Amino acid sequence: MESCASQTALDAFMVTQLIDNGMEPIAKKINRLYAKLQHVQDDEAMRKRYARQLQHMLSLAYRLVVQHRDQLTECIDTIDHDLKRGVLDGSGDVVTPTPTATSSNGRRRGFFDEEILSVGSHVAAKVARSHELWILARVISYNSLTRMYVVEDVDTGEDDDGEGGANGTQTAQAEPERRHHVVPRDQVKDLPADSLETDGWIHYALNQHVMAMYPNTTSFYSAVVRVPNPKGAPYVLVRFDDDADEFGSHAPDRKIPFRFVVPL
């Protein structure tokens, strides 16, 4: 089937304007500069300094908005062109083959004819019996008779000051000790992005339920996909269950690296 330019334009639009929007870091800097400007009303030199920085960031924001507008206009024109060429179907959807996730992991089969995850591969493992605590771990071994994995927590458990262990005696040269857990096979999920073929991809649908690694942690939590991820998108935009912002009143959408999203 003839390749449709609309799909390429839509994918680019979704990545740059919905999933990995460059406006977010600029907006944060603008807010910080504006707050600083409000606190130096009596210092003329500092007011001028922050005002110049704020003017610069606003200029960057304006240029980015113009780029987004131009990209959106180009996307609309491309879709209109493909519609006139008959490349789109009657509903206005882009006619493309159904995407599939493919892999070539070469995993061996166990006693129960199940896939055995390779030693050293990263997984999401449920390590708590009383509640849903899934962590990023590394496979150490597998017992095909008991169907149990030994996994290693990738988090060293170091304190904020960099000293590990309960007594803080770890030296900078010492290898940090990592916790090991014995978990059943059904409480270990591989990271499918790690075993995709070169051209393979996993397309997550709108409102699809997934597990995703929460930002700045090594723990996985339930979430729903907020924006379908086009092929090649570095992030998946999700909303975590029971999440909230710093004010406790709004569940924000969060960008999670594609590798650390697991379908349920």
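Position numbers for residues start from 1 in each chain and track the written sequence from start to end. Two thresholds apply to this predicted model, a pLDDT of at least 70 for residue-level local features and 80 or more for giving and counting side-chain atom pairs, whereas whole-chain, interface and lining totals are computed over all residues. With hydrogens and water stripped out, all remaining heavy atoms of the structure feed into the side-chain values.

The name given to the chain in an unreviewed UniProt entry is SGF29 C-terminal domain-containing protein, with the source organism recorded as Pythium oligandrum. UniProt positions are given in the numbering used here, feature names are shortened, and annotations may be inferred rather than shown by experiment. For the chain, the Subcellular location (unreviewed entry) comment in UniProt is given as "Nucleus".

(A) View of the pairing of strand β4 (residues 180-184). Residue burial is assigned from relative accessible area. The probe radius is 1.4 Å, only protein chains are included, and a residue is buried under 20% of its type maximum, exposed over 50%, and partly exposed in between. Under the scheme used here, helices are H or I runs from DSSP no shorter than 4 residues and strands are E runs no shorter than 2 residues, and both carry numbers assigned from the N terminus. Burial along β4 is one-sided: His181 and Val183 are buried, and none of His180, Val182 and Pro184, which face the opposite way, are. Pairing between strands is defined by DSSP: at least two bridges between the two strands are required. Where strand β3 (residues 148-153) lies against β4, five bridges are found, and the strand directions are antiparallel. Note on β4: the bridge partner recorded for Met148 is Pro184.

(B) Highlighting helix α3 (residues 44-85). The first and last C-alpha atoms of α3 sit 61 Å apart over 42 residues, in line with the 62 Å expected at 1.5 Å per residue. Turning to α3, its buried residues number three or more, namely Tyr50, Leu54, Met57, Ala61, Leu64, His68, Cys75, Thr78 and Asp82. Note on contacts: a residue pair qualifies if any of its non-hydrogen atoms lie within 4.5 Å across the two residues. As for α3, its buried residues are in contact with α1 (5-19) and α2 (23-38). Polar contacts, as used here, are pairs of N or O atoms within 3.5 Å; protein pairs need one atom able to donate a hydrogen and one able to accept it. Residues neighboring in sequence count only if both atoms are side-chain atoms. The backbone nitrogen of Ala45 lies 3.3 Å from a side-chain oxygen of the residue at the head of α3, namely Asp43. Helices are assigned an expected span. That span is 1.5 Å times one less than the residue count.

(C) Region of the structure containing the environment of Ala205. Mapping Ala205 onto the fold places it in the loop between β5 (188-190) and β6 (209-213). Ala205 gets classed as partly exposed once you look at its relative accessible area, which sits at 41%. As for Ala205 and Val224, which are separated by 19 residues in sequence, their C-alpha atoms are 9.3 Å apart.

(D) Local environment of the layout of surface pockets. In the cavity and pocket records, a cavity denotes points on a 1 Å grid over the protein atoms alone where a 1.4 Å probe fits but cannot get out, a pocket denotes an open set with protein on both sides within 12 Å along at least 5 of 7 lines, and lining residues are residues with an atom within 4 Å of a point. Grid points are joined across faces, edges and corners, and a volume is the space filled by probe spheres set on the points. Of the voids in this model, the second largest pocket is the one considered here, and its volume is about 360 Å³. What lines the second largest pocket is a set of 13 residues, among which Glu24, Lys28, Pro252, Asp253 and Arg254 lie closest to the centre. Residue assignment for the lining of the second largest pocket shows that the elements contributing at least two residues are α1, α2 and β9 (254-257).

(E) Here's a closer look at the packing of aromatic side chains. Side-chain rings of Phe, Tyr and Trp (the six-membered ring for Trp) are treated as a pair once their centres are within 6.5 Å; stacked means planes under 30 degrees apart, edge-to-face means over 60, and tilted covers the remaining angles. Scanning the entire structure with this criterion turns up five aromatic pairs. Geometrically, the ring pair formed by Tyr214 and Tyr221 is edge-to-face, given 6.2 Å between the ring centres and 90° between the ring planes. A residue is classified by how much of its surface remains accessible, and Tyr214, at 23% relative accessible area, is partly exposed. Here Tyr221 falls in the partly exposed class, since its relative accessible area comes to 35%. Within the aromatic cluster, the residues linked to one another by ring pairs are Trp201, Tyr204 and Phe258. Placement of a positive charge over a ring is assigned whenever Lys NZ or Arg CZ falls within 6 Å of the ring centre and within 35 degrees of the normal to the ring plane. When the ring centre of Tyr235 is taken as origin, the NZ or CZ atom of Lys255, which lies over that ring, is 5.0 Å away.

(F) Broad picture of the side chain of Asp153. Of note, Asp153 is situated in strand β3. Judged by its relative accessible area of 4%, Asp153 falls in the buried class. From its side chain, Asp153 meets the backbone nitrogen of Asp155 in a polar contact 2.9 Å long. Ignoring any residue separated from it by four or fewer positions in sequence, one finds Asp153 in contact with Ile135, Leu136, Ala137, Arg178, Arg179 and His181.

(G) Structural detail: the nonpolar core. Only buried residues count toward a nonpolar core. Its members are Ala, Val, Leu, Ile, Met, Phe, Trp, Tyr and Cys residues joined through side-chain atoms within 4.5 Å. One finds Tyr204, Phe220, Val238 and Phe258 to be the most contacted residues of the largest nonpolar core, which totals 25 residues. Mapped by element, the contributors of at least two residues to this core are β2 (134-143), β6, β7 (219-227), β8 (235-240) and β10 (261-263). When neighbours within four sequence positions are excluded, Phe258 is seen to be in contact with Ala193, Leu196, Trp201, Ile202, Tyr204, Asn229, Ala233, Pro234, Tyr235 and Val236. Grouped together as the second largest cluster of nonpolar side chains are 12 residues, Ala137, Val139, Tyr142 and Val151 included.

(H) View of a positive patch on the surface. In this scheme, patches are assembled from residues that exceed 30% relative accessible area and form no salt bridge. Like charges are connected within 9 Å, while nonpolar side chains (Val, Leu, Ile, Met, Phe, Trp, Tyr) are connected within 5 Å. Residue burial considers only the protein chains on display, and all accessible areas are found by Shrake-Rupley using a 1.4 Å probe. By definition here, a salt bridge exists when the distance from a side-chain nitrogen of Lys or Arg to a carboxyl oxygen of Asp or Glu is within 4 Å. The charge count includes Lys and Arg as positive and Asp and Glu as negative, but it does not include His or the ends of the chains. For charged residues, the charge sits on one atom: NZ in Lys, CZ in Arg, CG in Asp, CD in Glu. On the surface, Lys29, Arg32, Lys36, Lys48, Arg49 and Arg52 cluster together to form a positively charged patch. Listing elements by their share of the positive patch, those giving two or more residues are α2 and α3. Structurally, the position occupied by Arg32 is in helix α2.

(I) Looking closely at the pattern of salt bridges. Evaluated as defined, the whole model comprises eight salt bridges. Here Arg259 makes a salt bridge to Asp194, at a shortest N to O gap of 2.8 Å. Of this pair, Arg259 sits in the loop between β9 and β10 while Asp194 sits in the loop between β5 and β6; the two residues are 65 residues apart in sequence, bridging distant segments of the chain. Owing to a relative accessible area of 41%, Asp194 belongs among the partly exposed residues under this scheme. Notably, a salt bridge pairs Arg254 with Asp243, separated by 2.6 Å at the nearest N-O pair. Of this pair, Arg254 sits in strand β9 while Asp243 sits in the loop between β8 and β9, placing them 11 residues apart in sequence. If you follow the salt bridges from partner to partner, you end up with Arg226, Arg239 and Asp253 in one network.

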